[in-house]
Amino acid sequence: MIDFKFNLAKGVSGDAYADYLTKAKTFVQRAEEDDFGGWVNLPVNYDRDEFARIKAAAKKINGDSDYLVCIGIGGSYLGHKAVIEALGGERSRTKILYAGNSLSARALEKALAELGDADFSINVISKSGTTTEPAVAFRVFKQKLIAKYGEEEAAKRIFATTDAAKGALHDEAKANGYESFVVPDNIGGRYSVFTAVGLLPIAVAGIDIDALMDGAAEERAATISDGGKAAEYAAVRNTLLAQGYDIEILANFEPDFMYFNEWWKQLYGESEGKEGKGIYPASVIDSTDLHSMGQYIQEGRRALFETFVELAADKNGVTVPQFGENLDGLAYLEGKELDWINKTACEATREAHLAGGVSILEVVMPDLDERSLGGLIYFFEMACALSGFVLGVNPFNQPGVEAYKTRMFELLGKPGYEK
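Keep in mind the model is a prediction, meaning the values are calculated, not measured.

> Lay out the overall build of the protein chain in plain terms, naming residues and giving numbers.
Within the protein chain, the secondary structure is distributed over 16 helices and ten strands. Dimensions of the protein chain along its principal axes, counting C-alpha atoms only, are 65 × 60 × 45 Å. Across the 419 residues that make up the protein chain, the buried fraction comes to 51%. For the protein chain, the share of sequence-separated contacts (at least 6 apart) that also reach a separation of at least 24 residues comes to 79%. On the protein chain, roughly 18,800 Å² of surface is accessible, and the fraction owed to carbon and sulfur atoms is 51%.

> Would you mind going over the sheet that holds strand β7 (residues 247–252) in detail, with residue names and values included?
Pairing is mixed in the open sheet, where five strands are placed in the order β1-β10-β9-β7-β8. Of all the strands in the sheet, the pair left with one neighbour each is β1 (3–7) and β8 (280–285). Averaged over all adjacent pairs, the angle separating strand axes in this sheet is 20°, with direction ignored. Bridge analysis of β7 against strand β9 (residues 304–311) gives five bridges, and the strand direction is parallel. Note on β9: the bridge partner recorded for L250 is T307. Across the sheet, helix α14 (residues 338–355) touches β1, β9 and β10 (359–365), and the angle it forms with β9 is around 160°.

> Describe the packing of aromatic side chains, naming the residues involved and giving the relevant values.
One pass over the structure, following the stated rule, counts 21 aromatic pairs. Between the NZ or CZ atom of R48 and the centre of the ring of Y46, over which it lies, the distance is 3.8 Å. Over the ring of F409 we find K414, and its NZ or CZ is 4.1 Å from the ring centre.

> Provide a residue-level description of the pattern of salt bridges, including the pertinent values.
A side chain with one charge can pair with a side chain of the opposite charge if their charged atoms come near. All chains considered together, the criterion is met by 25 salt bridges. The salt bridge involving E370 is made with R91; its shortest N-O contact spans 2.6 Å. Pair noted here: E370 is in helix α15 (residues 370–391) and R91 is in the loop between α4 (78–86) and β3 (95–99), with a separation of 279 residues, a long-range link. For E370, a relative accessible area of 11% gives the class buried. Between E248 and R237 there is a salt bridge, with its nearest N and O atoms 2.8 Å apart. Taken as a pair, E248 in strand β7 and R237 in helix α11 (residues 228–241) lie far apart in primary sequence, eleven residues in all. Note on E248: relative accessible area 0%, which makes it buried. What you see here is one network of salt bridges that share partners, running through K60, D64, E153 and R157.

> Requested: an account of the sheet that holds strand β4 (residues 120–125), with residues and values cited.
Strand order in the open sheet made by the five strands is β3-β2-β4-β5-β6, with parallel pairing throughout. Each having just a single partner strand, β3 and β6 (179–182) make up the two edges of the open sheet. Recorded for the sheet is a direction-independent mean angle of 20° between the axes of neighbouring strands. Strand contacts of helix α3 (residues 48–64): β2 (67–71), β4, β5 (158–162) and β6, with the helix running at about 135° to β6, the strand carrying the most contacts. Taken strand by strand, helix α6 (residues 132–149) contacts β2, β3, β4 and β5, and its axis lies near 155° from that of β4.

> Go over the packing of helix α10 (residues 209–223) against α15, please, and point to the residues and values.
Two elements in contact, α10 and α15, have axes whose closest approach is 6 Å; the angle formed by their N-to-C orientations is 45°. The angle between the axes of α10 and α15 places the two elements in the oblique class. Every pair of crossing elements has a handedness; the one defined by α10 and α15 is right-handed. Residues A211, L212, D214, G215, A216, E218, E219, R220 and T223 of α10 touch α15, and the partners they reach there are E370, R371, L373, G374, G375, Y378, F379 and M382. Looking at the contact of α10 with α15, its residues break down into seven nonpolar, four polar and six charged.

Procedures and definitions
Residues numbered from 1 in each chain as written. Predicted model: local features only at pLDDT ≥ 70, side-chain atom pairs only at ≥ 80, totals over all residues. Heavy atoms only, no water. Helix = DSSP H or I, 4+ residues; strand = E, 2+ residues; numbered from the N terminus. Buried < 20%, exposed > 50% of the residue type's maximum accessible area, 1.4 Å probe, protein only. Contact = heavy atoms within 4.5 Å. Areas by Shrake-Rupley, 256 points an atom, 1.4 Å probe, with all protein chains shown as cover. Pairing = 2+ DSSP bridges. Axes fitted to C-alpha atoms, helices over the stretch in contact; angles between N-to-C directions. Phe/Tyr/Trp six-rings, centres within 6.5 Å; stacked < 30°, edge-to-face > 60°. Lys NZ or Arg CZ within 6 Å of the ring centre and 35° of its normal. Salt bridge = Lys/Arg side-chain N within 4 Å of Asp/Glu carboxyl O. Parallel < 35°, antiparallel > 145°, perpendicular 65-115°, else oblique. Left-handed = near helix turned anticlockwise from the far one by under 90°. Nonpolar A, V, L, I, M, F, W, Y, C, P; charged D, E, K, R; others polar.

Right under this line is the structure:
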């Protein structure tokens with residue numbers, strides 16, 4: 001299970017923490033009963049038949065495809081990319097290629113160039129099927145798929161993850177016989193990692209989705225009654241925000257967590273950033289970013305706090321080699337394991353930043369495996385919902401996302417959006 005602890009910087013008051021914690025604990029049932037709270041019980045209440053179909057589809061894709069082109073944006077790709085990258089990348093023969101998460105011609109051309117003439121399948125992920133970025137990419141890759149295999153065979157290589165009953169993609173999938181998986185009505189995109197949205201690409205990557213769900217179920221059991229450690233995290237975030245600390249930096253010492261950071265930023269930014277409220281989510285990968293952002297975190301404006309994601313387990317592996325000479329001054333580290341050095345750097349960073357006036361929060365996962373990662377994702381999802389309710393916003397909607405779309409459609413001349 002996920003552990004959590006915190007250390008407030010000198011001058012930061014924790015007097016309101018108990019009140020915020022009491023409030024956070026009362027919101028678990030509210031999250032569960034919300035129209036978009038389907039993710040709360042998902043780890044123990046998922047569609048077993050669809051889960052089996054996901055495994056079967058992954059096996060087929062692994063058997064006939066060098067690439068799976070995953071087409072989606074926001075929650076339709078960040079969650080599964082976060083899991084795959086955090087666990088070290090694909091473990092199967094099929095490489096995951098991402099498209100439809102921008103409107104960049106250069107990015108699309110780069111993806112097409114990487115794909116080349118390899119065998120591939122497509123997983124298009126969109127509840128409506130009309131979101132511009134993935135819809136454009138789907139047209140491009142569908143055209144390539146049909147040109148390579150013909151319409152009948154191409155249809156067998158397209159997997160649609162979409163609405164169960166309506167929408168452009170649902171209708172196209174039904175008309176053309178694409179195998180389809182469901183984006184549940186009661187689960188928003190950023191909470192959808194444990195649905196087919198995340199599970200199909202993760203399974204294709206060769207990652208154990210049973211263990212991932214087991215980890216999420218274990219964390220659910222630890223939080224479902226009163227929020228557990230997730231409620232503590234939600235409470236201390238709001239305690240700090242009330243005192244003007246409105247920037248949170250998610251920090252970890254594993255480069256493979258870069259896309260986990262991106263998923264976390266979407267989760268919290270889209271859930272809390274509304275009505276003029278919310279903590280601004282930022283992130284760093286240390287020790288790399290200690291040589292860029294470290295100066296600001298240590299001595300910059302004191303409006304931030306830092307949340308470290310840490311691993312309890314040690315990794316035995318690379319050690320510092322021994323040499324007769326000591327020109328680089330590293331003789332004192334000879335024979336030491338790099339993982340121990342990395343953890344020591346993390347400890348030193350926490351202590352230095354705390355002394356510099358930065359409150360330190362620590363989220364500790366048992367190990368870096370499917371079970372632990374499933375628990376970590378569920379922990380952050382529950383904490384996000386509780387934190388949003390404590391803040392006084394709806395953590396499940398995203399009304400501001402439509403603003404750019406409306407203006408973009410006006411400028412592009414989309415029918416019905418004439419100014």
